[in-house]
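A closer look at the structure
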Amino acid sequence: MAELLKVDADRLWSTLAASAKIGTHKTGLRRLALSDEDKAMRDQFVAWARQSDYAVKVDKIGNIYVRREGSDPSLPPVVMGSHLDTTIEGGRFDGILGVLGGLEVLRSLDDAGIETKRAIEVIDFTDEEGSRFSMSMVGSLTYTGATELEDVYELTDKDGKKLGDELERIGYKGDEPLGERTFDAFIELHIEQAPELDEENLDIGLIVGSYNIRGYRVMFEGETAHIGPTPMDRRHNALTGAGYMIGKVNDIGLKYAATNGKTTCAKIDVWPNIYGILPSEVELTIDYRHADMETLAQMKAELDAALVESCTRAQVTSRITKTWKFGDDGFDPELCDMMRAIVPGITERHKEMLGQAGHDAYSMASFGVPTVMIFTPCIDGITHNTAEDVDWERTIPGLNLMLNLVEQRANRPAP
Ligand SMILES: [Zn+2]
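Residues numbered from 1 in each chain as written. Predicted model: local features only at pLDDT ≥ 70, side-chain atom pairs only at ≥ 80, totals over all residues. Heavy atoms only, no water.

Taken domain by domain, the protein chain consists of domain 1 (9-211 + 328-411) and domain 2 (212-326). The distance between the C-alpha centroids of domain 1 and domain 2 comes to 33 Å. Tallying the contact residues gives 10 residues for domain 1 and 12 residues for domain 2. Taken over both partners, the interface formed by domain 1 and domain 2 buries close to 950 Å², and the fraction arising from carbon and sulfur atoms is 50%. (Domains from an automatic or database assignment. Contact = heavy atoms within 4.5 Å. Buried area = accessible area lost by both parts, 1.4 Å probe.)

Written out as structure tokens, the structure is:
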């Protein structure tokens, strides 16, 4: 077997340390999309790319493409990517490891003097986290056309600032068109964001597919009234309907927990949200996930029944205002096989898994790009939290897997 390539772990650590100084918050990061901190990080990423003579392009939604040219520029590139933005209480690795790890892959190929047939690119996707404009995976979903660019520009943050204006303000409203690139492959390395790898003392998760993920928004509709004089039996409190539902949603998740089913309510908007008035409108977001499609349908049937019961009990009505799904498009079998072939040369401590969180990789997969993901462990599975941390020794094997996968893919014979 040919000698496997290795990334420069120390250099990558200092790259991550520099990133951790931009938007530092407690022991982690607060680098909300299109904020001054996001701009500073983007500028740093672009500066690093230019130092190594990589080409930099920015598209209309602000995704940044860093390209190390191949010997045949006519072939579609092999692409790595993730996100440099964080949540409001974010960690130093979520998303960031995938982008800066991608940069390290390019640098390691330079060090080794390796020219690849296909170009290799690294993408920083705009606003993956959705912590500011209430939509996640903005960059990848807009790129693929799953959402309209003009609609996305109109999204506002809590201060009423528009996403499009903020993109322009920080200087990252680029002119590269969306949806027109061809990708030979897309590879996203990400921390696991769950405790499985850490607890099982494994270093790499080969992500060969995803949970089926569904979400929807329910609008509960009642009537405003005075909270004092209005008799209990004559109330149409939309918040009460949502309240009953929130409890039931969690109960359904608990019922399916043994097979790792998940249900979540994490966002609610109440109107008029005033102490003395019964709320007439409440919008609630419901998310449910399972690896097995039949079980997922069963969970949905129970959620539907729970919604009817909740509304009846609260004397309110409801309607679904938006639905979404992702994770159904499987990952590429050929890329999975390439990972399986490389990984034994790196570590014995690996296993195959299904992804459970939303990632830009799913947007790429649904766009028809051959896609795969690599997970590295994070300590106790803590993430979306400033205490997010990794064991560096156990992170590097995943990066070495990405390096070798990218190199082999980029050098495979042209079809
Ligand atoms: Zn992430």
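Resuming the write-up.
Quick look at the coordination of the zinc ion now. Ideal geometry at a metal gives 109.5 degrees between four tetrahedral donors and either 90 or 180 degrees between six octahedral ones. Distances from the zinc ion to its protein donors, namely His 83 (NE2), Asp 94 (OD) and His 190 (NE2), fall within the range 2.0 to 2.2 Å. Positions of the donor residues of the zinc ion, expressed as sequence spacing, correspond to H-x10-D-x95-H. Of this pair, Asp 94 sits in the loop between strand E5 (78-82) and helix H3 (96-111) while His 190 is found in strand E7 (residues 185-191), placing the two residues 96 residues apart along the sequence. When its relative accessible area of 4% is taken as the criterion, Asp 94 is described as buried. (Donors = N, O, S within 2.8 Å, 3.2 Å for Na, K, Ca; no water. Helix = DSSP H or I, 4+ residues; strand = E, 2+ residues; numbered from the N terminus. Buried < 20%, exposed > 50% of the residue type's maximum accessible area, 1.4 Å probe, protein only.)

Okay, the packing of helix H1 (residues 9-19) against helix H12 (residues 392-411) next. Packing of H1 against H12 brings their axes to within 11 Å, and their N-to-C directions diverge by 105°. Here H12 runs roughly perpendicular to H1, going by the angle between their axes. On H12, the residues that touch Ala 9, Leu 12, Trp 13 and Leu 16 of H1 are Trp 392, Ile 396 and Leu 399. For the contact of H1 with H12, a count of residues per class yields 7 nonpolar, no polar and no charged. (Axes fitted to C-alpha atoms, helices over the stretch in contact; angles between N-to-C directions. Parallel < 35°, antiparallel > 145°, perpendicular 65-115°, else oblique. Nonpolar A, V, L, I, M, F, W, Y, C, P; charged D, E, K, R; others polar.)

Now for H3. Under the 1.5 Å per step criterion, the end-to-end length of H3 is 22 Å for 16 residues, consistent within 8% with the ideal 22 Å. Positive backbone phi, approximately 65°, marks Gly 113, located one or two places after H3. (Expected span 1.5 Å × (residues − 1).)

Attention now moves to the sheet that holds strand E4 (residues 64-68). The 8 strands lie next to each other as E3-E4-E6-E5-E7-E14-E8-E13, forming an open sheet whose pairing is mixed. Edge strands, defined here as strands with exactly one partner in the open sheet, are strand E3 (55-58) and strand E13 (350-355). Taking the axes of each pair of neighbouring strands and ignoring which way they run, one obtains an average angle of 25° across the sheet. Alignment of strand E8 (residues 204-210) against E13, held across 6 bridges, turns out to be parallel. By the bridge assignment for E13, Gly 205 is matched with Lys 351. (Pairing = 2+ DSSP bridges.)

Next up on the list: the layout of surface pockets. There is about 260 Å³ of room inside the second largest pocket. In terms of lining residues, the second largest pocket is bounded by Leu 32, Ser 35, Ile 88, Ser 131, Arg 132, Ser 134, Thr 156, Asp 157, Lys 158, Asp 159, Lys 161 and Glu 166. Residue composition of the lining of the second largest pocket, by class: 2 nonpolar, 4 polar and 6 charged. (1 Å grid on protein atoms, 1.4 Å probe; cavity = no way out; pocket = protein on both sides within 12 Å on 5 of 7 lines; lining within 4 Å. Points joined across faces, edges and corners; volume = space filled by probe spheres on them.)

Next up on the list: the side chain of Thr 386. With respect to the secondary-structure elements, Thr 386 resides in the loop between strand E14 (371-376) and H12. The buried category is assigned to Thr 386, whose relative accessible area is 8%.

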